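Residues per chain are reported as follows:
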Amino acid sequence: MSAGQGHAAGRKPGRALVTGGAHGLGAAFVRRLLAEGCEVTVLDKDPAGIDTAQVDFIRCDLASRESLDRTLPDLVTAGPYDLVILNAGINATGRFEDISAEAHLEILRVNAEAPMVIASRLLGTGAFTPSATLGFVSSLSHFTGYPGGASYAASKDVLAVHAKGLRAVAARKGVGITVAFPGPLRTAHAERHAPKGADASRRMDPDLAAIQILADMLSGRKTSVPGRATHAFAIAGRLMPRTVTALMRRLIYRRLVC
Amino acid sequence: MTGSVTRSGARRILITGGTSGLGLAVAKKLARHHKLLLSGRKSQIEMAGALPRGAGYIVADQRDPERSTEVLLRGIRDFGWDSLDNAVLNAGVGFAPADGLDGPEAIRETLDVNLVAAMLQAQALFPLLAKSRGTLTFIGSVAHTGSATFPAYAASKAGLHGLARSLRSEWGGRVSVQVLHPGPTKTDMHAKAGHDPGRMRALFLEPGDVAAMMASAIASRRSPVTLSWLRYLSGGAYLGRRL
Ligand SMILES: NC(=O)c1ccc[n+]([C@@H]2O[C@H](COP(=O)([O-])OP(=O)(O)OC[C@H]3O[C@@H](n4cnc5c(N)ncnc54)[C@H](OP(=O)(O)O)[C@@H]3O)[C@@H](O)[C@H]2O)c1
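Residues numbered from 1 in each chain as written. Chains lettered and ligands numbered in written order. Predicted model: local features only at pLDDT ≥ 70, side-chain atom pairs only at ≥ 80, totals over all residues. Heavy atoms only, no water.

(A) Seen up close, the layout of surface pockets. Reported here for the second largest pocket is a volume of approximately 1200 Å³. In this structure, the second largest pocket is lined by 47 residues; those nearest its centre are His142, Phe143, Ala234 and Arg238 of chain A together with Arg165 of chain B. Elements that contribute at least two residues to the lining of the second largest pocket include exactly helix H4 (141-144), helix H5 (150-172), helix H7 (206-218), strand S7 (223-224), helix H8 (228-239) and helix H9 (241-257) of chain A together with helix H5 (151-170) of chain B. Residue contributions to the lining of the second largest pocket peak at seven residues, all from H5 of chain B. Its residues assigned to classes, the lining of the second largest pocket comprises 18 nonpolar, 19 polar and ten charged. (1 Å grid on protein atoms, 1.4 Å probe; cavity = no way out; pocket = protein on both sides within 12 Å on 5 of 7 lines; lining within 4 Å. Points joined across faces, edges and corners; volume = space filled by probe spheres on them. Helix = DSSP H or I, 4+ residues; strand = E, 2+ residues; numbered from the N terminus. Nonpolar A, V, L, I, M, F, W, Y, C, P; charged D, E, K, R; others polar.)

(B) The interface of chain A and chain B, seen in detail. Contact with chain A, which involves 50 residues of that partner, is made by 39 residues of chain B. Buried area between chain A and chain B, both sides added, is near 3400 Å², and the carbon and sulfur share of it is 61%. The largest per-residue losses of area from chain A upon contact with chain B belong to Phe96, Glu97 and Val161 of chain A, which jointly make up 18% of the total buried on that side. Connecting chain A to chain B are five salt bridges. Here Arg174 of chain B and Glu97 of chain A are joined by a salt bridge, their closest N and O atoms 3.4 Å apart. Viewed at the interface, chain B and chain A are joined by 19 residue pairs in polar contact (both at pLDDT 80 or more). The set of elements that each furnish at least two residues to the side of chain A that touches chain B consists of helix H2 (65-77), helix H3 (101-124), H4, H5 and H9 of chain A. (Contact = heavy atoms within 4.5 Å. Buried area = accessible area lost by both parts, 1.4 Å probe. Salt bridge = Lys/Arg side-chain N within 4 Å of Asp/Glu carboxyl O. Polar contact = N/O pair within 3.5 Å; in protein donor to acceptor, adjacent residues only side chain to side chain.)

(C) Seen up close, the sheet that holds S7 of chain A. All names here are of chain A. Judged by pairing direction, the sheet is parallel, and its seven strands sit side by side in the order S3-S2-S1-S4-S5-S6-S7 without closing on themselves. Two strands lie at the open edges of the sheet, namely strand S3 (56-59) and S7, each paired on one side alone. Sheet topology note: the strand S6 (residues 176-180)/S7 ladder contains two bridges and is parallel. Residue pairing for S7: Ala180 is matched across the bridge by Ser224. Along the sheet, helix H1 (residues 24-35) makes contact with strand S1 (15-19), strand S2 (39-44), strand S4 (81-86) and strand S5 (128-137), crossing S1 at roughly 165 degrees. Contacts from H7 reach S4, S5, S6 and S7 within the one sheet, and its direction differs from that of S4 by about 130 degrees. (Pairing = 2+ DSSP bridges. Axes fitted to C-alpha atoms, helices over the stretch in contact; angles between N-to-C directions.)

(D) Quick look at the pattern of salt bridges. Counted by the stated rule, this structure contains 15 salt bridges over all chains. For Arg65 of chain A, the salt bridge is made with Asp112 of chain B, and the minimal N-O distance between the two is 2.9 Å. One end of the pair, Arg65 of chain A, is in helix H2; the other, Asp112 of chain B, is in helix H4 (residues 104-131), on a second chain. With relative accessibility at 3%, the residue Asp112 of chain B sits in the buried group. One continuous salt-bridge network, built from bridges that share partners, spans Arg65, Asp69, Arg109 and Glu113 of chain A together with Arg108 and Asp112 of chain B. (Buried < 20%, exposed > 50% of the residue type's maximum accessible area, 1.4 Å probe, protein only.)

(E) Expanded view of the packing of H2 of chain A against H3 of chain A. Residues and elements named next belong to chain A. Packing of H2 against H3 brings their axes to within 11 Å, and their N-to-C directions diverge by 35 degrees. Note that H2 runs across H3; the crossing there is right-handed. Across the interface between the two elements, Arg65, Leu68, Leu72, Leu75 and Val76 from H2 touch Arg109, Glu113, Ala114, Val117, Ile118, Arg121 and Leu122 from H3. Broken down by class, the residue content of the contact of H2 with H3 amounts to eight nonpolar, no polar and four charged. (Left-handed = near helix turned anticlockwise from the far one by under 90°.)

(F) Looking closely at the packing of aromatic side chains. Per the counting criterion, the structure on display carries eight aromatic pairs over all chains. Arranged with centres 5.1 Å apart and planes meeting at 70 degrees, the rings of Phe79 of chain B and Trp81 of chain B form a pair that is edge-to-face. Trp81 of chain B shares its class with Phe79 of chain B; the two are buried. Summarising the aromatic geometry, the rings of Trp229 of chain B and Tyr232 of chain B are spaced 5.5 Å apart at their centres and angled 85 degrees between planes, so their arrangement reads as edge-to-face. Of the two residues, Trp229 of chain B and Tyr232 of chain B are both situated in helix H8 (residues 229-233); the distance of three residues between them amounts to about one turn of the helix. Exposure remark for Trp229 of chain B: the relative accessible area of 38% places this residue in the partly exposed category. An aromatic cluster is present here, built from Phe96 of chain A together with Phe126 and Trp171 of chain B joined pairwise through their rings. (Phe/Tyr/Trp six-rings, centres within 6.5 Å; stacked < 30°, edge-to-face > 60°.)

(G) Region of interest: the packing of H8 of chain A against H9 of chain A. All names here are of chain A. Direction vectors running N to C along H8 and H9 enclose 125 degrees, while the axes themselves pass 5 Å from each other. Classified by the angle their axes make, H8 and H9 are oblique. Contact residues: Phe233, Ala236, Gly237, Arg238 and Leu239 in H8; Pro241, Val244, Leu247, Met248 and Leu251 in H9. Broken down by class, the residue content of the contact of H8 with H9 amounts to eight nonpolar, one polar and one charged. (Parallel < 35°, antiparallel > 145°, perpendicular 65-115°, else oblique.)

(H) Main features of the nonpolar core. Among the nonpolar cores identified, the biggest contains 84 residues, and Leu134 and Phe136 of chain A together with Leu136 and Phe138 of chain B are the most heavily contacted of them. When sequence neighbours within four positions are dropped, the list of residues in contact with Leu134 of chain A reads Val84, Leu86, Ala119, Leu123, Phe128, Val175, Gly176, Ile177 and Thr178 of chain A. (Core = buried A, V, L, I, M, F, W, Y, C linked by side-chain atoms within 4.5 Å.)

Pasting the structure below:
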């Protein structure tokens, strides 16, 4: 199962960092890591929803370069980490031309630029323990395209391909890289951006997704595509990119803009 | 500056990053039959003698994506254009970090110039392109699948690839969206990036040949299109459609 990057399967991380850990999939990662007895640092914009007795909280707005630059030294000193999950992400859906330029810009900053800056800095400063894991949360849209969320899709492609480019330099430092490609999850984020009337029960439970992604990260897999339906979609998107993007247009875009 | 004669079939074409390399090569190729407006970071004075005949020029530094998009829009209006047949979003920078890890400045500049500015331009130019059912072309790179030498550059090109894929679907029937991925070409880009390809450079394509392949790929409106030796050897620089 595991495409080995030199990790023992089922390894337990001692110290972890999760960005965007206050809500959604990030919060599910945090719950799971705490249950495993990890020390967890959470980076998020707002501590609401965080039990600061249980985790170290670092406040940072990833949309702001100043805020991130101020935070970077603290992130380094809070290490060294056994596991870092760059998970924070935002979205805006609708017609590309109707979404404000500021929103498009912010999506690129939060979803792509900030995790690239954090990853490069942590790798450059030796903020990892030997044989640690650096995880990136991209999206199923990397395989399918996302009409109705074009800037979001672009940001997640940036992240996935940057992670791939960092693999060799990370490996030289003993750090394994895993990129996760979750599909629609039953989170408030997905709720806000799904077309009206979409069936929430078909979206994956974030706790289940977090368990699967963590297992893949800790066993050194290069990619993680949680859930059978997500997996099937990803493979179809690889084999028939045009057909699958056309299907996404029918399933999402047309329902979003009508 | 609107010096070019209007003839039937002449298209209004905007090319960003038109001051050197591939952008300038494709501009020279198209200047004979079409009306051109170029943009770049260089000043009007630096570009005075270098522009193809009749072409206009706008100074727009894409390191500030929002401002440069406004400047570009104003420049198009001042040139007297109220529609566009083609926009070729070609401006780009890259860095080859010594230890394989880009610093924050390099990451930010690469994303801003290559991706964020192109994204905001796409949005701002949409009404002009829609008026003439035009074509929006992003210039990507074969590196869009990932690179350990230029990690942030490759990532920015992956973003363009993904943006084109989704936008092409959204805008189908109104504006054609495409992404072209050139292979390594003998322009100044590698020197500017601080990367010496050494003897590999002998294997790079000539800018004129890549520009010819770009022109026919633009006319075809297909996407994505890879512009490499394979296409070149199968006649990609000589055969195919013309704009
Ligand atoms: N050469 C290759 O091997 C290769 C391969 C694949 C893809 N590409 C892509 O092809 C495109 C053209 O590259 P090239 O090889 O022709 O390189 P180039 O000769 O360096 O040309 C780059 C162009 O982008 C402009 N530019 C750079 N930074 C800018 C900024 N901040 N604001 C506005 N314009 C800016 C430059 O304008 P100024 O001169 O005014 O600064 C210049 O016109 C790029 O998108 C590149 O990524 C090149």
